[in-house]
Structures are given as C-alpha cells and as structure tokens.
Amino acid sequence: MVDSILMALLGGALIGVAASIMLIFNGRVTGISGILNGFLGGVSAERLWRGAFLLGLLVGGFFMGLLRPDLFLNTSARSLTLIVIAGLFVGFGTVMGSGCTSGHGVCGISRFSVRSILATVVFIVTGMMVATGLKFLAGGL
Amino acid sequence: MKHYPSQAVMAFVAGVIFAVGLALSGMTQPQKVIGFLQLGEGWDPSLMFVMLAAIPVHMLSYRWIRGRRSPLLDTRWHIPETKDVTKSLIAGSLLFGIGWGLGGFCPGPALTSLGAGHFTAVVFVVAMLAGMGLHAVYVRVSGKN
C-alpha cells in the first residue's frame, strides 16, 4: 500500500509537470477528452498540436509497456460488453460535460474553476456509486 | 506569430510525460481504479494520491505561469472562461462517472494502455470514439450545444 501511494504521488507529480509544460509553451489546458474530441472534429489548424499530444500519449504508453509491463496488468474481471458500454458512456459524457479526470480533475481544480470542481465531484461520486453497486451485484472486480 | 511546429513538439513532450505519469501512478490498471471507486471492504485509496500530487504541482505552476503576458509559443492564452454551471456539465459528468465506474478506464489511461498494446484498451477506445460521435449526432439532432 505504501508503495502504491508513493507511485501515485510520483505519477501524479509528473502529470502536473506535463500539464504545466502544455500551459507555459502552448497556453492550453491538458484535457485529454477535449484534445481528442477537438482532434476528431475540430479546427484543422489545431489538429497538429492535438495530434502530437495524442501521439505522445501513445508513444509514452508504448515505451512504458516495454519497460514496465507490470504497470499495465489488467486483472479486472469486467466483461468486454461492459467495457463497450463503459466506453460509450465515457465518450458521450466527457464531451457533454466538457472534460474528464485531466481537464476538470487536474487542470480545472488547479485554477479553482467552480465548474471543474463540481464536475469532478459529480463524476467521482457517480463512479463510486456505480463501482460499489456492481460489487454488491456481481461480487466485485 | 505562428509556432505550429514547435507547439506540436512541446505537445508531444507533454503527452509522453503525461503517459509516463499515468502508468507510474497506477491509473493504467483498471482493477486499481475500480479498487478506488469501489467503497467498502478492501477499499484501495492509493489513486486518490494521484490528484493530491498533480493538483498542488499544477496549482503552483499555474499561478506562476499565468503571471506571464502570454505563453512561450503563442500570442494568447486558451484557458476556458465559461463560468456557467450548466445542465450539460452536470449530466455529462454524471454519464462519464457511470462509464468510469463500469469500466475502470478514463480517456488518458485508456489511450496510454492502447499505446502499450492492450486489447481491452483498444475495445474501450473504439467505444469511446463512438460515444463522442454519438454526442456529435445528438447535438445535431437536438440542436443543443
């Protein structure tokens, strides 16, 4: 547990650093869902930096997967059907709510945005209700 | 003053660091995310510390960076100015929370795991893109934004 917490703190600090790099160089919020949605349907002049950021995420994931495959172990027993439903909800919800864990949860809260604080409380509480509910329905994980 | 290529380079660097942070933090292991969201016996609070580290780091840098007149590679800031708490904000966050609790994936970790070649993440990302597409259809049909 202590190891998990230290890793979470280290990883979280790096996420804060990445968001700060995006802010000081490009003047942008690092919201993954927003960057992705904007890349898909947005202004073409903005596709370049959006695509580069998304490529960075994929490349970072690729190398971390090579170096530390243990960090990508998926022992959750969620069925693929549930994963598809989850993906649909996350895609629709993050666009409708203008953000996810990164844009609202990290960047928005860091600048004391009331919208982001509310959004974060709503998605964490809802996520907890759903995950806890599933645990009682199906016996967890 | 346009700096598109250099903006892309820095966005790429930020993306790589973000992915490394997500992987180290435990966010790319759906069972850990679910362990955090699933209250009761065996609750795993460790992922709470991801935000508890990311927010103070970015809070401090944000104040310092926004003291500048403009970003280094652009002429102006692109920070959302909206203050209105709308129904879409709340309803959308609620729907996102449902999906997060069901799958244990949010967008960043899903894309990072996709980069690492994980099949479940591929399935999730395809469904997430479809969800974003459905929202575009919903906006067109309902006329709402």
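Going along each chain's sequence as written, the residues are numbered from 1 onward. Working convention: letters from A go to chains and numbers from 1 go to ligands, in the order in which they are written. Only residues with pLDDT of at least 70 get local features here, since the model is predicted, and only at 80 or more are side-chain atom pairs given and counted; chain-wide, interface and lining totals rely on the full set of residues. As a convention, hydrogens and water are excluded, and side-chain values are obtained from all of the structure's heavy atoms.

What about the overall build of chain A?
Across its full length, chain A holds 6 helices and 0 strands. Listed by position from the N terminus, the elements making up chain A come as α-α-α-α-α-α. Based on the C-alpha atoms only, the size of chain A along its principal axes is roughly 50 × 35 × 30 Å. In chain A, the share of contacts with a sequence separation of at least 24, taken over all contacts with a separation of at least 6, comes to 37%. Helix and strand labels come from DSSP, where a helix needs a run of H or I of at least four residues and a strand needs a run of E of at least two; each type is numbered from the N terminus. Two residues qualify as a contact provided that any one of their heavy atoms is within 4.5 Å of a heavy atom in the partner residue.

Brief notes about the packing of helix α2 (residues 32-41) of chain A against helix α3 (residues 47-67) of chain A
Residue and element names in this part refer to chain A. Contact geometry of α2 with α3 gives a least axis separation of 9 Å together with a crossing angle of 125°. When the axis of α2 is compared with that of α3, the two are oblique. Judged by the sense of rotation from one axis to the other, the crossing of α2 with α3 is left-handed. For the pair formed by α2 and α3, the contact residues are I32, G34, I35, L36, G38, F39, L40 and G41 on the first element and R47, W49, R50, G51, F53, L54 and L57 on the second. To get an axis, a line is fitted to the C-alpha atoms, and for a helix only the part in contact is used. The angle between two axes follows their N-to-C directions and goes from 0 to 180 degrees. Relative orientations are named as follows: roughly parallel for angles under 35 degrees, roughly antiparallel for angles over 145 degrees, roughly perpendicular for angles from 65 to 115 degrees, and oblique for any other angle. Crossings are classed by handedness, with left-handed meaning an anticlockwise turn of the near helix from the far one by less than a right angle and right-handed meaning a clockwise turn.

Here we look at the packing of aromatic side chains
Each aromatic pair joins two rings of Phe, Tyr and Trp (for Trp, the six-membered one) with centres within 6.5 Å, and gets the label stacked for planes under 30 degrees apart, edge-to-face for over 60, and tilted for any other angle. Scanning the model with the defined rule gives 8 aromatic pairs over all chains in all. Each ring, one from F53(A) and one from F18(B), has its centre 6.2 Å from the other, and the planes form 75°; the classification is edge-to-face. Of the two residues, F53(A) is situated in helix α3 and F18(B) in helix α1 (residues 4-25); the pairing between them involves two chains. The classification of residues rests on relative accessible area computed with a 1.4 Å probe and restricted to protein chains. Under 20% of the type maximum is buried, over 50% is exposed, and intermediate values are partly exposed. By relative accessible area, F53(A) is classed as buried at 0%. Among the aromatic residues, those joined into a ring-pair cluster are F123(A), F96(B) and W100(B).

Concerning the interface of chain B and chain A
Between chain B and chain A, the residue contacts involve 102 residues of the former and 102 residues of the latter. Criterion for a salt bridge: a side-chain nitrogen of Lys or Arg within 4 Å of a carboxyl oxygen of Asp or Glu. Linking chain B to chain A there are 0 salt bridges. What qualifies as a polar contact is a pair of N or O atoms within 3.5 Å, subject to a donor-acceptor requirement within protein and to the restriction that residues adjacent in sequence count only when both atoms come from side chains. In this assembly, chain B and chain A are joined by 18 residue pairs in polar contact (both at pLDDT 80 or more). At the level of secondary structure, the elements contributing two or more residues to the side of chain B that touches chain A comprise α1, α2 (30-37), α3 (48-65), α4 (87-103), α5 (107-115) and α6 (119-142) of chain B. Residue composition of the side of chain B that touches chain A, grouped by class: 64 nonpolar, 31 polar and 7 charged. Residue polarity follows a fixed list, in which Ala, Val, Leu, Ile, Met, Phe, Trp, Tyr, Cys and Pro are nonpolar, Asp, Glu, Lys and Arg are charged, and the others, Gly among them, are polar.

Here's the deal with the confidence of the model for chain B
If pLDDT is low for a region, its predicted coordinates should not be looked at in detail. Here pLDDT means the predictor's own confidence in every residue, given as a number from 0 to 100. Chain-level pLDDT for chain B is 95 on average; 97% of the residues reach the 70-or-more range. For this predicted complex, the interface score ipTM comes out at 0.96, while the overall pTM is 0.96.

Some details on the nonpolar core
Core analysis: the largest hydrophobic core is formed by 53 residues, its most contacted members being F53(A), L57(A), F18(B), W100(B) and F124(B). Ranked by residue count, the leading element in this core is α1(B), at 7 residues. What we call a nonpolar core is a set of buried Ala, Val, Leu, Ile, Met, Phe, Trp, Tyr and Cys residues that are connected through their side-chain atoms within 4.5 Å. Listed in part, the 9 residues of the second largest apolar core include I24(A), V29(A), Y62(B) and I79(B).

Describing the layout of surface pockets
Here a cavity denotes a set of grid points, spaced 1 Å apart and computed over the protein atoms alone, in which a 1.4 Å probe fits but from which it cannot get out, and a pocket denotes an open set meeting protein on both sides within 12 Å along at least five of seven lines; residues with an atom within 4 Å of a point are reported as lining. Grid points are joined across faces, edges and corners, and a volume is the space filled by probe spheres set on the points. Taken as a whole, the largest pocket spans an internal volume of roughly 1300 Å³. G34(A), S98(A), G99(A), R115(A) and P80(B) are, among the 49 residues lining the largest pocket, the residues nearest its centre. For the lining of the largest pocket, the elements supplying multiple residues, two or more each, are α2, α3, α4 (80-96), α5 (101-110) and α6 (114-138) of chain A together with α4 and α6 of chain B. For the lining of the largest pocket, the element with the highest residue contribution is α2(A), accounting for 7 residues. Among the residues making up the lining of the largest pocket, the classes are represented as 19 nonpolar, 21 polar and 9 charged. Here the second largest pocket defines a volume of roughly 330 Å³. Listing elements by their share of the lining of the second largest pocket, those giving two or more residues are α5 of chain A together with α1, α2, α3 and α5 of chain B. Broken down by element, the residue count for the lining of the second largest pocket peaks at 6 residues, all from α3(B). Residues belonging to the lining of the second largest pocket are distributed by class as follows: 21 nonpolar, 3 polar and no charged.

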